[in-house]
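Observations on chain architecture
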Amino acid sequence: MSETTKREQHVVIKFAGDSGDGVQLTGTQFAETSALFGNDIATFPDFPAEIRAPIGTLPGVSGFQLHIGDNEILTPGDTYDVLVALNAAALKVNLKFLKPNGIIIANNDGFDDKNLRLAKIDENDNPLHNGSLDAYQVFTADITKLTKLAVAEFGLGNKEAERCKNMYVLGLVYWLFDRNLQHSIDFIEKQFSKKELVAKSNIKALQAGYHFGETSEMFGNRFEIAAAVYKKGTYRSINGNQATALGLLGASVKSGIPIFLGTYPITPASDILHELSKHKGFDLISFQAEDEIAGICSAIGASYGGRLGVTTSSGPGIALKTEAIGLATMLELPLVICNIQRGGPSTGLPTKTEQSDLLQALYGRNGECPLVVIAASTPADCYEMSYMAVKIALEHTVPVMFLSDGYLANGAQPWMIKTLDEMPEISSHFIRQANDSKEYQPYARNADLSREHAVPGTPGMEHRIGGLEKENITGNISYDAANHELMVKLRAQKVLNVADTLPLQTFEHGNKDSKALIIGWGSTFGSISTAVKELREEGLDIAHIHLKYINPLPSNLGEMLQNFDKVFVAELNNGQLIRLIRDKFLKDAQGINKIQGQPFQITEIKDIIKHNLQ
Amino acid sequence: METAHKTIFTSKDLETDQEVRWCPGCGDYAILNSLKKVLPELDHSKEDFVFVSGIGCSSRLPYYMDTYGMHSIHGRATAIALGLKTSRPELSVWVITGDGDALSIGGNHLIHTLRRNPNLNILLFNNQIYGLTKGQYSPTSEIGKITKSSPIGTVDSPFNPIALALGSNGTFVARTLDRDPKHQQEIYKRAYHHSGCSLVEVYQNCNVFNDGAFEIMTEKDSKPFTTIFVEHGKPLVFANGTKGIVLEGLKAKVVDIINGNTEGLWIHDESDSMKAYILSRFFDNDELPRPFGVLYADASKPSLDGLIQAQLKEKRIDNKTLAFNDLLKSKNSWEVQ
Ligand SMILES: Cc1ncc(C[n+]2csc(CCOP(=O)(O)OP(=O)(O)O)c2C)c(N)n1
Ligand code: SF4
Ligand SMILES: [Mg+2]
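Residues numbered from 1 in each chain as written. Chains lettered and ligands numbered in written order. Predicted model: local features only at pLDDT ≥ 70, side-chain atom pairs only at ≥ 80, totals over all residues. Heavy atoms only, no water.

Here we come to helix 6 (residues 181-193) of chain B. Relative to the 18 Å expected for 13 residues at 1.5 Å per residue, helix 6 of chain B spans 18 Å between its end C-alpha atoms, a close match to the ideal helical length. For helix 6 of chain B, the full list of buried residues reads His 183, Gln 184, Gln 185, Ile 187, Tyr 188, Ala 191 and Tyr 192 of chain B. (Helix = DSSP H or I, 4+ residues; strand = E, 2+ residues; numbered from the N terminus. Expected span 1.5 Å × (residues − 1). Buried < 20%, exposed > 50% of the residue type's maximum accessible area, 1.4 Å probe, protein only.)

Written out as structure tokens, the structure is:
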């Protein structure tokens, strides 16, 4: 063999094809194999809005971006080193983020006249042949034909045989990165355990792709990316929705209070329902309601009965839950509302990411109705933060909104597993046993203003609660003016008191004497952190604060901001957290905003900061 | 479901210290009193009853019963009750709702709750008006009705709640009326003992905004001729025993009863869904009396809470902490030394 090996610290690969081509599977398999190998990874699946946009067209392109490295990887990368394009549309949509001299692996069969036409490219202007790709290293193969040939012996129908081409591509890329096929072979065997021929064909396609890489000598060199150095421990690859589901479930196990999940399917939140509904063994009830309102209301009914009510949704569904969140606030019952944000308003950009529901989360209800709002910053952090959502809800008897988004939901990273013994204790305020010592008052309060809730079935504590304003302590209906003001303030203070139990805010980078500060929240963590790290390496002393607790804010945040004249707030919306920062701290912060349904690129953040600090 | 050791209590024990805020003469009082009579006769202890309501005059009822209760938000009581009942199947959970609450804003939840069949008792107080918001027409108001929001008459066709419940695959569908406490109590007991979702429509007079809506069915003179009280296995007889109903094909017809001979009359069969549907359609025909009683009861369908509990039992894991920690590792984990 004549190929040489190129050592790289990190490489970004983009798999792109028609949404029917199975590139999501190719990407996830490559990601899992790389994680198992020991690379750090960050993934970014980018789905088309339609389940089945017309085959071969530009809107039908599905992509999976993957960043692998031998040290810490925080984002899926701004630009790619390798672009795998299964058809002309996939190349056209994705070419603009391929690095100069980057590698293109193209399927010739996806560039025939028909595919060119569908991609709105002139038939006589095939980019594979017209010289327009001269700035890149282009490798082409008749992937569809080669796949069919490879699996011919198993006698699948034409369509089914063609469908194996994603495995052929996977094999080819495995060869390019010198990866072991075993994980994917195991996966295929499990996935198609009941369809032997399909399993055999896919394995054959995978192996054929690998061998083609080896024998065709199409690539000049292979990549080698060493395993990252990790702390000792047990790891797995995890995406945000899996982590959210596990965090909720873990908190339920730790607290001994079983979950009632009342929910209604919506992208990108549905996978949490799918995951949790598998775990009935944990005494978990999952209820797919007739709509989001019934979802949250059934969860409230369950919390009232002494379970942990959970509801999961995204923007449009959260809008429907609004009135019931107000009810839970009045009832002062624990409830977790997971909001996996997507582009809005209305149906908006269902499959794209955005952080545009922050103001809705903070303020989107009638009346004075403060809500605890917390946000995860990485896919794995969804585990810790959804766990914290449960802990806060149970310990403070409040509804809590947990914010994630499409980017975190579907993005994956290696995660050092945190078993329950490493997670904090969780207490709760349900009374389940008769207690003769004192008369039960439903709205008597503990020092932190939480209340004790006697669940139905507890003898001698029968009482009524509801959405009408209640008298302090007794919980009886009250229209008294002074009482209403008192209750509004108590409910507000109760939310503020949550801050006493939260970790203090820290700087991710820099300190209070740095030259400028950038504040972010949620899924922008990786991009901001990497941008700041690079700016600091270039000699700019920028500090980075990343907020996970947004209401209430960490108690030391004001003090941390004090020294800064220059404060940037970076978020994927038209300026939402920035209003809170200006409102609470009277800081003339400056927004760094992107509203394109895509995460920040590192360079976008760096450029704005550099430009502003000149 | 019965609780093992029921503690005895009386109607008096059900009183609360809350001042009742309904208008004097409102039909809601009679319903409250009937419930207070029935509860002590049932198999649950006082603390195991829960009344969940939406919003409306009717939905204030939980405040006046010293059981557990939740006065929630408009239209959503069924959904809340479903979450509670499936979480705590040993409780006796009742939903108190109005015609606007259940059939307008809460219509979606009502039909889906009925089809799922949780073991709830839904009492729908039908006064054919929005009481609490002071007199707009409701989804059960008759066409042409003059109200505050329909000064020259409504143009909306009303719902037939019984037909809606049957069409939603309700497993227990009954009708009673505020002015007949004995009948109410009997029906509430039947609803309680039905395993599955019971829907009871209660004709209730709103003497302030829709007085006399059911007068011809409640006044002594007209009641015998405008109503028929059905009982399982008994012929359909009304008008003080002088008239009966026969079924000609799918059509119900009134016939005279001569010399007390009820042969050939329609015999009520609660388990017959087709006949229940025909009974529900008496609503459309003024010549036919309005049926009261248990129009349909099917105990064969398993309850939602029963099915959910069976799944939980089947899958139950004893050492959850161990199982959870294993679950974290189950998906392709790897060790770093
Ligand atoms: C979301 C919402 N919309 C509207 C209202 C106003 N509202 C309160 S009760 C009611 C109608 C009640 O009618 P019904 O259910 O028939 O009860 P009744 O008062 O007649 O017993 C309305 C429209 C409300 N409380 N909440
Ligand atoms: S308005 Fe009508 S329904 Fe409401 S309390 Fe008064 S009489 Fe009863
Ligand atoms: Mg009404």
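Picking up after the structure, the text goes on.
A few words now on the site of ligand 1. Residues and elements named next belong to chain B. As a matter of local geometry, ligand 1 sits amid 17 residues, with Cys 57, Ser 58, Asp 99, Gly 100 and Asp 101 nearest to it. For ligand 1, an oxygen atom lies 2.7 Å from a polar atom in the backbone of Cys 57. Contact distances for ligand 1 include 2.7 Å between an oxygen atom and a backbone N or O atom of Asp 101. Considered on its own, ligand 1 offers 590 Å² of accessible surface; in the complex 77% of this is hidden by protein. Examining the composition of the shell around ligand 1, we find that 4 residues originate from one element, helix 3 (residues 99-105), more than from any other. For the shell around ligand 1, the class distribution of residues is 6 nonpolar, 8 polar and 3 charged. (Near = heavy atom within 4 Å. Polar contact = N/O pair within 3.5 Å; in protein donor to acceptor, adjacent residues only side chain to side chain. Areas by Shrake-Rupley, 256 points an atom, 1.4 Å probe, with all protein chains shown as cover. Nonpolar A, V, L, I, M, F, W, Y, C, P; charged D, E, K, R; others polar.)

Right, let's talk about the interface of chain A and chain B for a bit. Between chain A and chain B, the contact holds 69 residues from the first and 55 residues from the second. Of the roughly 5,400 Å² buried between chain A and chain B, counting both surfaces, carbon and sulfur atoms make up 63%. The largest per-residue losses of area from chain A upon contact with chain B belong to Glu 290, Glu 462 and Arg 464 of chain A, which jointly make up 13% of the total buried on that side. Run the count over chain A and chain B and you get 3 salt bridges. A salt bridge links Arg 116 of chain B to Glu 290 of chain A; the shortest N-O distance between them is 2.7 Å. Connecting chain A to chain B are 25 residue pairs in polar contact (both at pLDDT 80 or more). Those elements that place two or more of their residues in the side of chain A that touches chain B are helix 1 (23-37), strand 9 (233-239), helix 9 (240-255), strand 11 (285-288), helix 11 (292-304), helix 12 (315-331), strand 16 (412-416) and strand 19 (464-466) of chain A. In terms of residues, the side of chain A that touches chain B owes the most to one element, helix 11 of chain A, which gives 8 residues. (Contact = heavy atoms within 4.5 Å. Buried area = accessible area lost by both parts, 1.4 Å probe. Salt bridge = Lys/Arg side-chain N within 4 Å of Asp/Glu carboxyl O.)

Grouped together as the largest cluster of nonpolar side chains are 103 residues, with contacts concentrated most on Ile 300, Val 373, Met 401, Ile 519, Ile 550 and Leu 577 of chain A together with Ile 245 of chain B. Broken down by element, this core gets its largest block of residues, 8 residues, from helix 11 of chain A. (Core = buried A, V, L, I, M, F, W, Y, C linked by side-chain atoms within 4.5 Å.)

So, about helix 20 (residues 602-613) of chain A. Residues and elements named next belong to chain A. The first and last C-alpha atoms of helix 20 sit 17 Å apart over 12 residues, in line with the 16 Å expected at 1.5 Å per residue. Turning to helix 20, its buried residues are Ile 602, Ile 605, Lys 606, Ile 609 and Leu 613. Buried residues along helix 20 cover an arc of 95° about the axis, so they all sit on one side. At its buried positions, helix 20 is contacted by strand 21 (516-521), helix 17 (525-537), strand 22 (542-547), strand 24 (567-571) and strand 25 (590-593). (Arc of directions from axis to C-beta.)

Residues and elements named next belong to chain B. Note on the magnesium ion (ligand 3): its protein donors are Asp 99 (OD), Asn 127 (OD1) and Ile 129 (O). The metal-donor distances range over 2.0 to 2.2 Å. Mapping the donors of the magnesium ion (ligand 3) onto the primary sequence yields the spacing D-x27-N-x1-I. With Asp 99 in helix 3 and Asn 127 in the loop between strand 4 (120-126) and helix 5 (161-167), the pair connects residues that are 28 residues apart, well separated along the chain. (Donors = N, O, S within 2.8 Å, 3.2 Å for Na, K, Ca; no water.)

What follows covers the sheet that holds strand 6 (residues 198-203) of chain B. A sheet is described by the order of its strands in space; here 9 strands give the open sequence 19(A)-2(B)-1(B)-3(B)-4(B)-6(B)-5(B)-11(B)-7(B), paired in mixed fashion. Of all strands in the sheet, those bounded by a partner on one side alone are strand 19 of chain A together with strand 7 (227-229) of chain B. On average, each strand axis in the sheet is tilted by 20° relative to the strand beside it, whichever way the strands run. When strand 1 (residues 49-53) of chain B meets strand 2 (residues 68-71) of chain B, the two strands line up parallel, connected through 4 bridges. Across the sheet, the residue bridging to Ser 53 of chain B is His 71 of chain B, located in strand 2 of chain B. (Pairing = 2+ DSSP bridges. Axes fitted to C-alpha atoms, helices over the stretch in contact; angles between N-to-C directions.)

Attention now moves to a positive patch on the surface. Taken together, the side chains of Arg 52, Lys 159, Arg 163 and Lys 195 of chain A make up a positively charged region of the molecular surface. Following the sequence through the fold, Lys 159 of chain A ends up in helix 5 (residues 158-162). (Patch = residues over 30% accessible without salt bridge, like charges linked within 9 Å, V, L, I, M, F, W, Y side chains within 5 Å. Lys, Arg positive; Asp, Glu negative; His and termini not counted. Charge placed at Lys NZ, Arg CZ, Asp CG, Glu CD.)

What follows covers the pairing of strand 4 (residues 61-69) of chain A. Of all 9 residues in strand 4 of chain A, 9 are buried; the element is thus mostly enclosed. Going residue by residue along strand 4 of chain A, you find Val 61, Gly 63, Gln 65, His 67 and Gly 69 of chain A tucked away on one face and Ser 62, Phe 64, Leu 66 and Ile 68 of chain A tucked away on the opposite face as well.

Further remarks concern the domain arrangement of chain A. Residue and element names in this part refer to chain A. Along its sequence, chain A is carved into domain 1 (4-224), domain 2 (236-422) and domain 3 (516-613). Each of domain 1 and domain 3 was reduced to a C-alpha centroid, and the two centroids are 36 Å apart. Counting residues at the interface gives 6 residues for domain 1, matched by 10 residues for domain 3. Regarding the contact of domain 1 and domain 3, the summed buried area is about 680 Å², with carbon and sulfur atoms giving 55% of it. Among the residues of domain 1 in contact with domain 3, Leu 74, Thr 75 and Asp 78 are the three that bury the most area, contributing 67% of the side total. Summed over the shared surface of domain 1 and domain 3, the number is 0 salt bridges. Summed over the shared surface of domain 1 and domain 3, the result is 3 residue pairs in polar contact (both at pLDDT 80 or more). Residues belonging to the side of domain 1 that touches domain 3 are distributed by class as follows: 3 nonpolar, 1 polar and 2 charged. (Domains from an automatic or database assignment.)

Residues and elements named next belong to chain A. With respect to the helices and strands, Asp 78 occurs in the loop between strand 4 and strand 5 (80-85). Separated by 483 residues in sequence, Asp 78 and Leu 561 have C-alpha atoms that sit 30 Å apart. Excluding residues that lie within four positions of it along the chain, Asp 78 makes contacts with Phe 97, Gln 601, Ile 602 and Thr 603.

For the rest of this paragraph, the subject is the packing of aromatic side chains. All names here are of chain A. In the structure shown here, the tally under the stated rule is 23 aromatic pairs over all chains. Seen in terms of ring centroids, Phe 260 and Phe 287 are 6.2 Å apart; in terms of plane orientation they differ by 45°. Their pairing is tilted. Here Phe 260 is found in strand 10 (residues 259-263), whereas its partner Phe 287 is found in strand 11, with 27 residues between them in sequence. The same class applies to Phe 260 and to Phe 287, which are both buried. Aromatic rings pair up to connect Phe 15, Phe 30, Tyr 174, Phe 177 and Phe 223 into one cluster. Sitting over the ring of Tyr 443, Arg 451 keeps its end group 4.6 Å from the ring centre. (Phe/Tyr/Trp six-rings, centres within 6.5 Å; stacked < 30°, edge-to-face > 60°. Lys NZ or Arg CZ within 6 Å of the ring centre and 35° of its normal.)

Here we come to the packing of helix 4 (residues 143-151) of chain A against helix 8 (residues 196-216) of chain A. Residue and element names in this part refer to chain A. At a minimum axis separation of 9 Å, helix 4 and helix 8 run at an interaxial angle of 125°. Taken together, helix 4 and helix 8 sit at an angle that is classed as oblique. Here helix 4 runs over helix 8; the crossing is right-handed. Together, Leu 146, Thr 147, Ala 150 and Val 151 of helix 4 and Ser 201, Lys 204, Ala 205, Ala 208 and Phe 212 of helix 8 make up the contact between the two elements. (Parallel < 35°, antiparallel > 145°, perpendicular 65-115°, else oblique. Left-handed = near helix turned anticlockwise from the far one by under 90°.)

The next point concerns the packing of helix 9 of chain A against helix 11 (residues 320-330) of chain B. Relative to each other, helix 9 of chain A and helix 11 of chain B sit at 160°, their axes nearing to 10 Å. Taken as axis vectors, helix 9 of chain A and helix 11 of chain B run roughly antiparallel relative to one another. Like other packed secondary-structure pairs, helix 9 of chain A and helix 11 of chain B cross with a definite hand, here left-handed. Contacts from Leu 246, Leu 249, Gly 250 and Val 253 of chain A in helix 9 of chain A reach Lys 320, Thr 321, Phe 324, Leu 327 and Leu 328 of chain B in helix 11 of chain B. Looking at side-chain class alone, the contact of helix 9 of chain A with helix 11 of chain B contains 6 nonpolar, 2 polar and 1 charged residues.

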